Amino acid sequence: MRLGAAPLTLRVVLVLPVLAGLGLTLKQGAGSLAALLAWPGLLRACLLSLGPGLVATLISTLLVGLILGGRPRALAPLQRLLAPLLALPHAAAALGLAFLISPSGWIVRALSPWATGWHDPPDLLTLNDPWGLALTLGLVLKETPFLLLMALAALSRPMAQRQMVAATLGYGRVTSFALVVWPGVYPQLRLPVLAVLAYAMTNVDMALILGPSLPHPLSVQISLWMTDPSLTQQSLAASASLLQLALVGLALIMWRGAELAGSALLSTLSHTGIRATGLDRALQPVASLAALILMLLPVLGLASLAVWSVAGLWQFPDALPASLTLTVWSRAAPDLWAASALSLGLAVTVTAVALTLTIAALYAETPRHPPKALQTLIFIPLIVPQIAILPGIAQALITLPLPPLAAVALGHLIFVLPYVVLGLAGPFRAWNLRMAEVAATLGAGPWRILLTLRLPMLAPALAATAALGIAVSIGQYLPTLLLGGGRITTLTTEAVALASGANRRILGAYGLTQAFWPALAFLFAQRARR
Amino acid sequence: MNRREFGGLAVAGAALWAGRGMAGDWSALVARAKGQEVFFHAWGGDPKINDFIAWVGQQAMDQYGVKLTHVKLAATSDAVARVQAEQAAGKTTGGAVDLIWINGENFAAMKKAAMLFGPFAESLPNWALVDVAGKPATVNDFTEATLGLESPWAMAQLVFEHDSAKLPAPPRSIVALADWAKANPGRFTYPQPPDYLGLTFLKQALYALLPDPTVLQAPAAEGYDAAVTPLWPYLDALHPNLWRQAKAFPANEPALGQLLADGEVMISFAFNPGRASAEIAAGNLANTVRTFVLDGGTIGNASYVAIPFDASAPEGAQVLANLLLDPEVQARAQDADVLGFQTVLNMAALTDADRARFDAIKRGPATLSPSDLGPTLLEPHASWMTRIGDDWVKRYGVAP
């Protein structure tokens with residue numbers, strides 16, 4: 001095998017389907033721009049994409065800084081919980097949160113009627129609020145663990161040493177983190193942050209469950225137009241997808257502005273020589289509280305799904321179900337097994353291919369292929385809304401004699417690859433090449449160096465990346481549905497179909513199973529790290 | 001091979017072939033269907049329905065050697081879009097969809113775009129048992145003539161649900177409902193249009209508010225704006241008294257049902273007279289929940305199955321469409337512990353043994369008897385639904 005071909009293959013897999021899909025969207029959507037602009041909900045829908053997206057990303061990024069800088073005691077349990085938190089599928093996380101914070105939800109039930117006096121749920125707008133606050137909260141809870149994992153991977157020993165030096169100069173812990181560690185960590189965190197920004201603006205499942213509906217955020221509206229029964233709104237959906245793409249572009253520019261402002265602020269601060277040791281004590285409880293909420297809400301949400309999955313009749317204001325039953329689990333068990341086997345098989349295969357391609361491409365990197373090009377390319381499937389490109393890809397694939405499972409695997413590969421590159425590129429490039437020189441002088445060939453020296457040394461990063469790839473693949477909904485023609489039944493297609501029925505019991509069973517397999521993969525990865 | 005040849009033949013000469021519908025043709029078709037796998041695309045949001053479809057699949061395997069694979073959809077239009085994509089790509093055989101659970105707008109769209117196989121429904125052996133005269137909705141899908149392009153399998157009617165322990169005497173008309181909401185703010189709502197159940201509520205309101213509701217049977221034409229005028233002041237007055245002051249709406253029928261189960265609303269409604277009983281049997285609703293209908297009747301329609309023009313297993317799909325009309329299957333669907341769906345069959349056309357199956361069915365504590373269900377109002381022409389949906393979104397759907 002010629003490794004020189006690897007970067008090209010990677011690029012083709014990443015870019016060709018996206019371009020094909022985008023081309024079709026352009027063709028379909030160009031004619032409907034006027035109709036889109038005439039839609040009265042457009043401005044609000046755009047603001048509901050930009051607002052919660054930007055705010056949730058900002059809060060998540062600041063929380064990562066706060067938690068890493070404040071180093072609260074809760075960091076250790078939070079770190080252990082990162083795997084299951086990351087593995088929790090978005091729809092399940094959103095449903096769990098929705099049940100917690102709704103006026104008839106678990107928190108109010110636990111306090112009623114003894115503390116609140118409520119025998120019927122109050123008529124309060126805690127969910128689907130017009131400002132998107134519940135949606136923003138859900139996004140922060142789901143995205144902060146991802147950023148935290150990426151940041152922890154970027155934190156290295158030299159950074160800790162820098163902070164120690166600053167401490168000996170009399171800087172407080174928070175100040176030294178902000179002034180000397182963060183500027184080193186953030187550049188490595190940047191791509192994940194931008195991916196989170198794009199995801200927060202374009203996701204459909206969380207926005208549908210937690211977000212406002214008068215109007216919906218633009219991404220949800222696109223998918224509603226896409227599936228309108230009259231089949232006349234597809235071109236409107238296509239032109240709205242192009243607008244969504246432009247909005248993501250605008251948000252990226254705004255984010256760049258915020259980055260510049262932030263770095264100017266930090267540099268001004270560092271010139272003042274301010275030590276701010278008092279900040280440590282003030283921020284410590286805030287960091288602890290943030291870490292606690294980040295753990296508690298998703299865990300409680302997941303626990304509520306677990307309780308629902310075995311609940312008999314469970315009426316307001318009972319804090320727990322009146323009776324327990326295993327009916328849901330025993331009836332769903334055969335389907336859960338079948339869907340689990342297919343989901344896992346697909347995820348492991350796709351992740352293995354993605355890892356192989358990525359390692360080959362990274363290995364073949366030379367100054368002629370500046371890494372920057374790869375970084376930009378892998379980003380495309382992350383920022384282009386899936387709904388904008390998948391119908392086009394599906395239409396292109398229908399004409400090929402491809403079995404549905406292969407088409408779905410190809411679709412998953414497009415969206416798993418960016419995360420695999422994201423997870424592996426940093427550690428792979430950071431590996432000290434002088435080791436290879438030493439090995440080569442001892443007579444080892446390039447293959448032997450790669451397989452017996454470099455990859456084993458990168459085993460923790462490889463394991464973590466593989467787990468991430470598996471989690472991403474298991475979570476794919478639209479590619480599985482559209483490219484498989486509905487014939488490929490995974491845990492996620494089942495769960496999303498069930499989510500349309502709002503049946504918390506069966507959704508609880510699927511949500512837990514859906515979270516279980518990636519969580520297992522992350523646990524294995526953490527083991528490999530030790 | 002055989003299957004593909006047949007598919008081509010069917011597209012070319014379907015009308016001729018289906019018109020004959022002889023017994024010999026049917027047994028030959030059953031023989032060809034044996035061993036086929038039928039991909040049945042049907043909404044997968046309700047475990048009760050999923051279990052029922054799995055049971056039908058078991059019958060199909062045991063009786064005909066046909067394998068049913070349920071493709072669980074979040075929305076029927078996902079399957080329609082798939083067939084549309086195949087049509088756009090020039091496919092005529094080997095499609096991904098063999099059978100779709102369908103009605104209303106989705107059927108109208110597929111019929112208009114010639115995406116359907118058939119006519120086949122009226123040549124199914126069990127077609128003779130269908131109550132076409134007593135249930136005109138079995139051949140009229142939202143006023144769209146089915147022409148044998150889809151086969152009915154369940155009747156639905158709008159019924160309202162309430163917890164009799166909390167609300168013993170619910171309001172029984174559209175106007176009384178608004179008065180009740182005023183006295184009990186925040187305890188009633190409807191799914192957000194263009195969800196079909198939300199639109200059904202608006203259509204039910206039109207029946208009550210229009211001086212002459214018969215105009216609803218014709219396409220919504222020039223007189224539309226004047227005709228629907230009474231609807232908007234009614235909603236303007238109702239909305240401040242709705243759940244969350246109409247600043248949020250439930251997404252669909254299951255979400256509305258969940259609000260009733262959580263005690264957030266005191267009156268909800270569903271397009272299935274047996275839903276409440278089935279939910280009580282499943283332990284999801286209090287056993288004090290009861291159903292009621294409005295004075296003057298409520299809207300009713302039928303659920304159908306249709307076969308796409310490029311289906312891979314059209315024979316197996318027809319065997320399933322026929323099986324769904326089997327009295328044993330229909331009686332099981334009507335059982336409150338299973339689905340609580342109303343049958344499409346004519347009791348007078350059944351054998352004594354089959355009639356006895358229906359007589360033995362438990363109706364469930366919350367289900368009204370056929371006479372208490374009252375008159376069924378016909379679905380308005382589909383164009384009303386589309387235009388009312390558009391207008392609702394313009395008025396209420398783009399700002400809280």
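Everything here concerns the structure above.
This text gives an overview of the structure that appears in the document. Remember, predicted model here, so these are calculated numbers, not experimental data.

What to know about the interface of chain A and chain B
Thought 1: Each partner contributes residues to the interface: chain A has 42 residues there, and chain B has 50 residues.
Thought 2: Within the residue set of the side of chain A that touches chain B, elements represented by two or more residues are helix 16 (386–398) and helix 22 (491–499) of chain A.
Thought 3: If one sorts the elements of the side of chain A that touches chain B by residue count, helix 22 of chain A sits on top with four residues.
Thought 4: Here the side of chain A that touches chain B is composed, by residue class, of 19 nonpolar, 16 polar and seven charged.

A short note on the pairing of strand 8 (residues 267–270) of chain B
Across a regular strand the side chains alternate sides, sitting on one face of the sheet and then on the other.
Residues and elements named next belong to chain B.
Thought 1: Burial along strand 8 is two-sided: the residues Ile267 and Phe269 and Ser268 and Ala270 are all buried.
Thought 2: Summarising the sheet, strand 7 (residues 159–163) and strand 8 pair through four bridges and their orientation is antiparallel. Residue glutamate 161 lies in a different strand from strand 8, and its bridge partner there is serine 268.

A look at unusual backbone geometry
Thought 1: In this structure, the amide linkage connecting Ser112(A) to the following residue, Pro113(A), adopts the cis form with an omega of -10°.
Thought 2: Counting through the fold element by element, Pro113(A) comes out in the loop between helix 6 (106–111) and helix 7 (133–154).
Thought 3: Between Phe316(A) and the following residue, Pro317(A), the backbone shows a cis peptide bond with an omega angle of 0°.
Thought 4: Tracing the chain through its elements places Pro317(A) in the loop between helix 13 (278–309) and helix 14 (327–363).
Thought 5: Although it is not a glycine, Ala114(B) sits at a positive phi angle of roughly 55°.
Thought 6: Mapped onto the elements, Ala114(B) comes out in the loop between helix 5 (104–112) and strand 4 (140–141).

Structural notes on the sheet that holds strand 7 of chain B
Residues and elements named next belong to chain B.
Thought 1: Strands sit in the order 8-7-9 across an open sheet of three strands; the sheet is antiparallel. Every interior strand has two partners, whereas the edge strands, strand 8 and strand 9 (289–292), have only one. If you compare each strand with its neighbour and ignore which way they point, the axes differ by 35° on average.
Thought 2: When strand 7 meets strand 9, the two strands line up antiparallel, connected through four bridges. Counterpart to phenylalanine 160 in the pairing with strand 9 is phenylalanine 292.

What counts and how
- Residues numbered from 1 in each chain as written.
- Chains lettered and ligands numbered in written order.
- Predicted model: local features only at pLDDT ≥ 70, side-chain atom pairs only at ≥ 80, totals over all residues.
- Contact = placed C-beta atoms within 7 Å.
- Helix = DSSP H or I, 4+ residues; strand = E, 2+ residues; numbered from the N terminus.
- Nonpolar A, V, L, I, M, F, W, Y, C, P; charged D, E, K, R; others polar.
- Buried ≥ 20, exposed ≤ 12 C-beta atoms within 10 Å, placed from the backbone.
- Pairing = 2+ DSSP bridges.
- Axes fitted to C-alpha atoms, helices over the stretch in contact; angles between N-to-C directions.

Functional significance is not addressed by these values, which are geometric in nature.
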